[in-house]
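# Structural characterization, general
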Amino acid sequence: MDHELYEIYREQYSRQYNFARNKLPKTLGDRQDIIARLSALYDLLVQDRGHAVRWDDSAIGKINQVTTWLFDSPQRGLLLYGSLGNGKTTMLKSIHRLFSGKSYYVTAKRIFDSFKDSERIPVFQQDSILLIDDLGAEPERCLVYGEEHHPLTDVLLRRYDENSTTIVATNLPEESIRQRYGDRLFDRISEMYAVILYNSPSYRTQF
């Protein structure tokens, strides 16, 4: 391989396709500090709903898995998926607060409603983290003057094309994601997203 040509093309690709941009909008400090911060934010969010966190193996393990993704994973996406009521939304909001001012938290339905109202796909800053909650809770399609649109698919494909960091929480199993959003998007999710499975019993039933 010609290393001089490689460096020339690498610089061009970095400018055009954002390959040089960091995965995260700010530099992380110590790993244990991030675990402590995420844990504190998670705890406070649960307390805000009038409950106490159950720090079982699953809850502790998810904090560690997210931290591993933040520090070690080359993948710019993170998919939290699984059954109801076991901490996906709380984790998403904890990450959002960890990167306060550098991230957007939005539900899938809100993205859908925004498109329906404006007939435009919402645009989010490429160098910020986009956190999409409840993927699959929005209607499957939107008709505009008889033309069918899929706002969530369009947003996620744009984030893929922009190489932008995106975190998604959903109750849908992987095969349902494929069926609902199509092979094209599912293939890109499989490439871009690390996956954390939430399969513990619902914490809501324990209160």
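Let me begin by describing the structure that accompanies this report. All figures in this text were calculated on a predicted structure; none of them were measured in a lab.

The rules behind each value
- Numbers given for residues are sequential positions, taken from 1 along each chain in its written order.
- Restriction of local features to residues with pLDDT of at least 70 applies here, the model being predicted, together with a cutoff of 80 or more for giving and counting side-chain atom pairs; totals for whole chains, interfaces and linings are based on all residues.
- Hydrogens and waters are ignored; side-chain quantities use all the structure's heavy atoms.
- Secondary structure follows DSSP: runs of H or I at least 4 residues long count as helices, runs of E at least 2 residues long count as strands, and numbering of each begins at the N terminus.
- For every residue, the accessible area obtained with a 1.4 Å probe (protein chains only) is divided by the maximum for its type, and the residue is called buried under 20%, exposed over 50%, and partly exposed between those limits.
- Here, residues are in contact when the closest pair of their heavy atoms is within 4.5 Å.
- Calculation of accessible area relied on Shrake-Rupley with a 1.4 Å probe; when residues are assessed, cover is drawn exclusively from the protein chains displayed.
- A pair of Phe, Tyr and Trp rings is counted when the ring centres sit within 6.5 Å of each other, with Trp represented by its six-membered ring. The angle between the planes then sorts it: under 30 degrees is stacked, over 60 is edge-to-face, the rest tilted.
- By definition, being over a ring means that NZ of Lys or CZ of Arg is both within 6 Å of the ring centre and within 35 degrees of the ring normal.
- In this analysis, the expected span of each helix is defined as 1.5 Å times one less than the number of residues it contains.
- Taking the helix axis as origin, the arc is that swept by the directions to the C-beta atoms.
- Here a polar contact is recorded for every N or O atom pair within 3.5 Å, except that within protein the pair must consist of a potential hydrogen donor and a potential acceptor, and residues adjacent in sequence are included only if both atoms are side-chain atoms.

### So, the overall build of the chain
Counting secondary structure elements, the chain contains 7 helices and 7 strands. Starting at the N terminus and walking to the C terminus, you meet the elements of the chain as α-α-α-β-α-β-α-β-β-β-α-β-α-β. Looking at the chain as a whole, 44% of its 207 residues qualify as buried. Put simply, of all contacts in the chain between residues at least 6 apart along the chain, 82% involve residues at least 24 apart. Summed over all atoms, the accessible surface of the chain reaches about 11,600 Å², with 47% contributed by carbon and sulfur.

### What to know about the packing of aromatic side chains
Per the stated rule, a full pass over the model turns up 2 aromatic pairs. With a centroid separation of 5.6 Å and an interplanar angle of 40 degrees, the aromatic rings of tyrosine 42 and tryptophan 55 are classed as tilted. You can see tyrosine 42 sitting in helix 2 (residues 31–48) and its partner tryptophan 55 sitting in the loop between helix 2 and helix 3 (57–72), a full 13 residues away along the chain. Residue tryptophan 55 is classed as partly exposed on the basis of its relative accessible area, which comes to 34%. Lying across the ring of tryptophan 69, lysine 23 places its NZ or CZ 4.4 Å from the centre. In this structure, lysine 62 is placed above the aromatic ring of tyrosine 198, and the distance from its NZ or CZ to the ring centre is 5.0 Å.

### Concerning helix 2
The end-to-end C-alpha separation of helix 2 is 26 Å, in line with the 26 Å expected for 18 residues at 1.5 Å each. Regarding helix 2, the residues found buried are Ile34, Ile35, Leu38, Ser39, Tyr42, Leu45 and Val46. One side of helix 2 holds all its buried residues, which, seen down the axis, span an arc of 130 degrees. More than 90 degrees from the buried face of helix 2, the exposed residues found are Gln32, Leu44 and Asp48. At its buried positions, helix 2 is contacted by helix 3 and helix 4 (88–98). Sitting at the head of helix 2, aspartate 30 places a side-chain oxygen 2.9 Å from the backbone nitrogen of glutamine 32. Glycine 50 sits one or two residues past helix 2 and shows a positive phi near 85 degrees.

### Things to note about the side chain of serine 200
Along the chain, serine 200 falls in the segment after strand 7 (193–198). For serine 200, a relative accessible area of 13% translates into the label buried. A polar contact of 3.5 Å, which involves the side chain of serine 200, links it to the side chain of serine 58. When residues no more than four places from it in sequence are discounted, the contact partners of serine 200 are Ser58, Ser83 and Asn86.

### Thoughts on unusual backbone geometry
The backbone phi angle of glutamate 119 is positive, close to 60 degrees, even though this residue is not glycine. Secondary-structure assignment places glutamate 119 in the loop between helix 5 (108–118) and strand 3 (129–135). Exposure remark for glutamate 119: the relative accessible area of 41% places this residue in the partly exposed category. Even without being a glycine, asparagine 163 presents a positive backbone phi close to 60 degrees. Considering the arrangement of structural elements, one finds asparagine 163 in the loop between helix 6 (151–162) and strand 6 (166–170).

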